[in-house]
Amino acid sequence: MEFKFHVEGGDFTSAGTASSQIKKVLKQINIDPIIIKRVVVALYEAEVNIVAHAHHGDIKVKITPQQVYIRLDDEGPGIENVEKAMQKGFSTASSKVREMGFGAGMGLPNIKENADIFTVRSEVGKGTTLEITISTVNNG
Amino acid sequence: MTVEQISQQLNLTVFGGNKGLNTEITGGYTSDLLSDVMGFAAVGSVWITLQTHKNVMAIASLKDLAAIVLVKGFTPDPDTLAQANEEGIPILGSKEQSFELSAKIYNLLN
């Protein structure tokens, strides 16, 4: 199964749309609730990152019997220092975004903690690609 | 203890999401950072916060939280309230600040 979503930068009212849809699908196909939670947290954070930082982005979610694979491609400012961005508490979010309770420097660390495989590729001035893989088979 | 019981005992305002008033509360989480709640709040928790915008409902729904309580007399934004009603997740309010309210809810639950 494959799903695609488009996300507009700055559109906070629809942040969470992709996560919510994917949560429903995973529930319907009886995926372990613990796995669903991990997918939802990772996808939500990645969605919010596009809304908070990028101009726009596209999300692709591919669900196979073994795993959930999520790819997010955005066009935006990119990440200058990926290593720093992965640190808890580091944030470049605007004051408006922070006032809403986002931008606490927890997004990428939250994704990392919930993903089995997580890669970030970014080019400053162009955009960022995240790939998140979460296994749905119980491998301890 | 259900959302309704806590609401009655602490004299909370029920803004909306009444369909979920019978939901059992299993714990609580107090935070105004959305990623903190997203990462760490447990299913069935009541979330105590001063954030009033629509994204709080997205998080409450995604994390299967029992209810949201807004502190210090804050009221939900209209689109927040609309989503609370749609999802059936109660959004409540209190005049008290987070510390006091958290303590009272903690005492009721423990």
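Please refer to the structure higher up on the page.
Described below are features of the structure shown in this document.

Parameters and conventions
Numbering of residues begins from 1 in every chain and follows the order in which that chain's sequence is written. As a convention, the first chain written is A and the first ligand written is 1, with the rest following in written order. The predicted nature of this model means local features are confined to residues of pLDDT at least 70 and side-chain atom pairs, given and counted, to a pLDDT of 80 or more, with totals for whole chains, interfaces and linings taken over all residues. By convention in this description, side-chain values take in all heavy atoms of the structure and omit both hydrogens and water. The criterion for strand pairing is that DSSP finds at least two bridges linking the strands in question. We count a stretch as a helix when DSSP gives it H or I for four or more residues in a row; a strand needs E for two or more, and each element gets its number in order from the N terminus. To obtain an axis, a line is fitted to C-alpha atoms, over the contacting stretch when the element is a helix, and the angle between two such axes runs from 0 to 180 degrees between their N-to-C directions. Between two residues, a contact is recorded if the distance between any of their heavy atoms is within 4.5 Å. Relative orientations are named as follows: roughly parallel for angles under 35 degrees, roughly antiparallel for angles over 145 degrees, roughly perpendicular for angles from 65 to 115 degrees, and oblique for any other angle. Handedness of a crossing is defined here by the sense of rotation of the near helix relative to the far one, left-handed for an anticlockwise turn of less than a right angle and right-handed for a clockwise turn. Classification used: nonpolar for Ala, Val, Leu, Ile, Met, Phe, Trp, Tyr, Cys and Pro, charged for Asp, Glu, Lys and Arg, polar for all others including Gly. Accessible surface is computed with a 1.4 Å probe, and the buried area is the amount of it that two parts give up when combined, taken over both parts together. When a carboxyl oxygen of Asp or Glu is within 4 Å of a side-chain nitrogen of Lys or Arg, the pair counts as a salt bridge.

## Observations concerning the sheet that holds strand β2 (residues 27-30) of chain B
Residue and element names in this part refer to chain B. An order of β1-β5-β4-β3-β2 is seen for the five strands of this open sheet, with the pairing classed as mixed. Each edge of the open sheet is held by one strand with a lone partner, namely β1 (13-16) and β2. The mean angle between the axes of side-by-side strands here comes to 25 degrees, regardless of whether they run parallel or antiparallel. As defined by bridge partners, strand β3 (residues 45-49) adjoins strand β4 (residues 67-70) across four bridges and the pair is classed as parallel. In the strand pairing of β4, Trp47 is matched with Ile68. Packing of helix α5 (residues 98-109) onto the sheet brings it into contact with β2, β3 and β4, and relative to β3 it is tilted by some 165 degrees.

## Re the packing of helix α2 (residues 33-53) of chain A against helix α5 (residues 107-114) of chain A
All names here are of chain A. It is the contact of α2 with α5, at a shortest axis distance of 9 Å, that shows an interaxial angle of 150 degrees. With respect to their mutual orientation, α2 and α5 come out roughly antiparallel. Here α2 runs over α5; the crossing is left-handed. Facing Arg38, Val41, Ala42, Glu45, Ala46 and Asn49 of α2, the residues of α5 in contact are Gly107, Leu108, Asn110, Ile111 and Asn114. For the contact of α2 with α5, the residue count by class is five nonpolar, four polar and two charged.

## Thoughts on the interface of chain B and chain A
On the chain A side, the residues contacting the 20 residues of chain B number 21 residues. Across the chain B to chain A interface the summed buried area is about 1,600 Å²; carbon plus sulfur atoms make up 59%. Three residues, Ser35(B), Asn55(B) and Leu62(B), lead the burial of chain B against chain A; their summed loss comes to 36% of the area buried on that side. Where chain B meets chain A, there are one salt bridge. The partner of Lys23(A) in a salt bridge is Asp64(B), with the nearest N and O atoms 2.9 Å apart.

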